[in-house]
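Residue-level structure breakdown
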Amino acid sequence: MNVKKRNNMKKWLFYIVLVALCVLSIYFVYHNEDYYDRSIAEVTGVKITGTRDVTDPNGNEDRLYEQEVFATVKNGPEKGRSILLSNTYSRSKAYDQEYKPGNDLFVSIIEQTDGQGQLRGSIDDVKRDTYLVIIGWVFIFLMILVGKRQGLYSLGTLCVNAVILSFALDSYLNHDRIGLLGMCGLAVLLFTSISLLLVNGFNRKTYAAVISTLVATFVTLLISFIVIKATAANGLRYEEMQFLTRPTETVFMAGILVGCLGAVMDVAITLSASIFTLYEKNPSISTKALKEAGFEIGRDIMGTMTNIMFFVYISGAMPMLILYFKNASPLGFTLSMNLSLELARALTGGIGIVLAIPIGIFISINLVNRRRAVS
């Protein structure tokens, strides 16, 4: 058997194992109720029992719907018995939701209502692991089909980065002497190194991208810190962080540090790869030509990347914007309440993208010239 056939067999075996894992994991989350300590019930029927109009203290009107939910317990000592639940949801569904047949709910069993075995309880939450697993597998397959081996490496780095971030936040929460910005700074260093080195390999192109990303990201953080201190954070509304027991400004700065990293990393590796590719295609190319080509590429990607940052952050505020506008809140009040932090994050990310262009070009050309001197 030649090498090509053996590689094809390995590839098909890999895809078969992947599909098998996908099917097994989806089947498992559909039937994993017995692994939960909390009671889970499947909704079998619903009935609207009443409606009423309400007005909040600001004069905004809404309508509440009272819903009777019939369900069957799927685990625990009451498995198989019917349970009667009640639910109230608003027309806006901002902080509540309507339940439909087929939904799996976490419930608390309160009492037995009659001798026929029907139970009464309250709804705690919705069981969402099934949807998360399905979306996760769609993401995995797309990454592997489009990115091939690099897509697989990217998935690996994503998992490692998630573990690093979780460890950093856990360390901050459990140790009073550990600062959030310090832990996030260390995490950013690991994110950048692992993501770029594992996906693109150990070479000068990757080294240039790593250095450019770190320099641009921390310079952006420094600019943000200076601006916030100089303006005393005027215009920033921290209401969405009102339930935190930690300093809101520190949490916001840490979010900026981690948030702009992805876009800056993308710009840095694009410029680094482009400049090194131009040099490899034409080793006699001048430094001036490399610089001009780098800035031309940077200008082309600058607009799209800054728009991406804007849309990513603004999209998270869309539900609250719709809720405020639907309740006839003034435009200025709505935007200041819901977009101040998002716009600040988007603008900061834009600064990071713009800074990454000259920084990335300078560092990449410097490493190219060093390579020329050696060869």
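Here the structure is a predicted model, which is why all the values come from computation and not from measurement. (Residues numbered from 1 in each chain as written. Predicted model: local features only at pLDDT ≥ 70, side-chain atom pairs only at ≥ 80, totals over all residues. Heavy atoms only, no water.)

On a plain count of helices and strands, the protein comes out with eight helices and five strands. Sequence-ordered secondary structure for the protein, helices as α and strands as β, is α-β-β-β-β-β-α-α-α-α-α-α-α. Its C-alpha radius of gyration of 27 Å places the protein more than 25% over the 21 Å reference for a compact globule of 375 residues. Across the 375 residues that make up the protein, the buried fraction comes to 37%. Taking contacts inside the protein between residues at least 6 apart in sequence as the whole, the part at least 24 apart equals 67%. Carbon and sulfur atoms make up 63% of the accessible area of the protein, which totals about 21800 Å². One finds the centroid of the 35 positive side-chain charges in the protein at a distance of 16 Å from the centroid of its 30 negative side-chain charges. (Helix = DSSP H or I, 4+ residues; strand = E, 2+ residues; numbered from the N terminus. Rg over C-alpha atoms; globule rule 2.2 N^0.38 Å. Buried < 20%, exposed > 50% of the residue type's maximum accessible area, 1.4 Å probe, protein only. Contact = heavy atoms within 4.5 Å. Areas by Shrake-Rupley, 256 points an atom, 1.4 Å probe, with all protein chains shown as cover. Lys, Arg positive; Asp, Glu negative; His and termini not counted. Charge placed at Lys NZ, Arg CZ, Asp CG, Glu CD.)

Bringing the pattern of salt bridges into the picture now. Per the stated rule, a full pass over the model turns up 12 salt bridges. Of the charged contacts, one joins Lys74 and Glu33 as a salt bridge, the two residues approaching to 2.9 Å between their closest N and O atoms. Of the two residues, Lys74 is situated in the loop between strand E2 (61-73) and strand E3 (82-90) and Glu33 in the loop between helix H1 (3-30) and strand E1 (39-55); the sequence distance between them amounts to 41 residues. The class for Lys74 is buried, based on a relative accessible area of 19%. By relative accessible area, Glu33 is classed as buried at 7%. We note a salt bridge from Arg371 to Glu280, for which the minimum N-O separation is 3.6 Å. Placement of Arg371 in helix H8 (residues 331-374) and of Glu280 in helix H6 (residues 261-281) is noted, with a sequence separation of 91 residues between them. A single network of salt bridges, built from pairs that share partners, joins Glu33, Glu42, Lys74 and Asp104. (Salt bridge = Lys/Arg side-chain N within 4 Å of Asp/Glu carboxyl O.)

Attention now goes to the packing of H6 against helix H7 (residues 287-326). Where H6 contacts H7, the two axes come as close as 10 Å, and the packing angle between them is 155°. One finds that H6 runs roughly antiparallel with respect to H7. Crossing of H6 against H7: the hand is right-handed. Residues Ala263, Asp266, Val267, Thr270, Leu271, Ser274, Ile275, Leu278 and Tyr279 of H6 lie in contact with H7, whose contacting residues are Leu290, Ala293, Gly294, Ile297, Gly298, Ile301, Met305 and Met309. (Axes fitted to C-alpha atoms, helices over the stretch in contact; angles between N-to-C directions. Parallel < 35°, antiparallel > 145°, perpendicular 65-115°, else oblique. Left-handed = near helix turned anticlockwise from the far one by under 90°.)

Here we take up the nonpolar core. The biggest cluster of nonpolar side chains holds 26 residues, and the ones touching the most others in it are Leu196, Leu236 and Phe252. Residue assignment for this core shows that the elements contributing at least two residues are helix H2 (129-174), helix H3 (180-200), helix H4 (204-231), helix H5 (248-259), H6 and H8. For this core, the element with the highest residue contribution is H3, accounting for seven residues. Formed by 25 residues, the second largest nonpolar core is a distinct cluster that contains Ala216, Ile275, Met309 and Ile353. (Core = buried A, V, L, I, M, F, W, Y, C linked by side-chain atoms within 4.5 Å.)

Among the structural elements, Ser286 can be located in the loop between H6 and H7. Taking the C-alpha atoms as reference, Ser286 lies 9.8 Å from Asn369; in sequence the two are 83 residues apart.

A complete count under the given rule lists six aromatic pairs for this structure. With a centroid separation of 5.3 Å and 15° between ring planes, the pair formed by Tyr65 and Tyr89 is classed as stacked. A residue pair is termed long-range when its members are at least 10 positions apart, and Tyr65 in strand E2 and Tyr89 in strand E3 qualify at 24 residues. On the basis of relative accessible area, Tyr89 is assigned to the buried category, the value being 6%. (Phe/Tyr/Trp six-rings, centres within 6.5 Å; stacked < 30°, edge-to-face > 60°.)

This part takes up the packing of H7 against H8. Direction vectors running N to C along H7 and H8 enclose 160°, while the axes themselves pass 8 Å from each other. Between H7 and H8, the angle is such that the two are roughly antiparallel. H8 is crossed by H7, and the crossing has right-handed handedness. Classifying every residue of the contact of H7 with H8 by side-chain character gives 27 nonpolar, nine polar and four charged. (Nonpolar A, V, L, I, M, F, W, Y, C, P; charged D, E, K, R; others polar.)

Here we come to unusual backbone geometry. The backbone of Lys148 sits at a positive phi, close to 55°, despite the residue not being glycine. Structurally, Lys148 can be placed in helix H2.

Moving on, we get to H7. Look at H7: 57 Å from first C-alpha to last across 40 residues, which is about the 58 Å you get at 1.5 Å a residue. In H7, a bend of some 45° at Met318 exceeds every other bend along the element, and Pro319, a proline, comes one to four places later. Every buried residue of H7 is listed here: Leu290, Gly294, Gly298, Ile301, Met305, Met309, Tyr313, Ile314, Ala317, Leu321, Leu323 and Tyr324. Contact partners of the buried residues in H7: H5, H6 and H8. In the stretch just after H7, Ala328 is the one whose phi turns positive, near 60°. (Expected span 1.5 Å × (residues − 1). Bend = angle between axes of the 7 residues up to and from the residue.)

Within the fold, Ile351 resides in helix H8. Under the relative-accessibility criterion, Ile351 is labelled partly exposed at 35%. Sequence separation of Ile351 and Val160 is 191 residues, and the distance between their C-alpha atoms is 27 Å.

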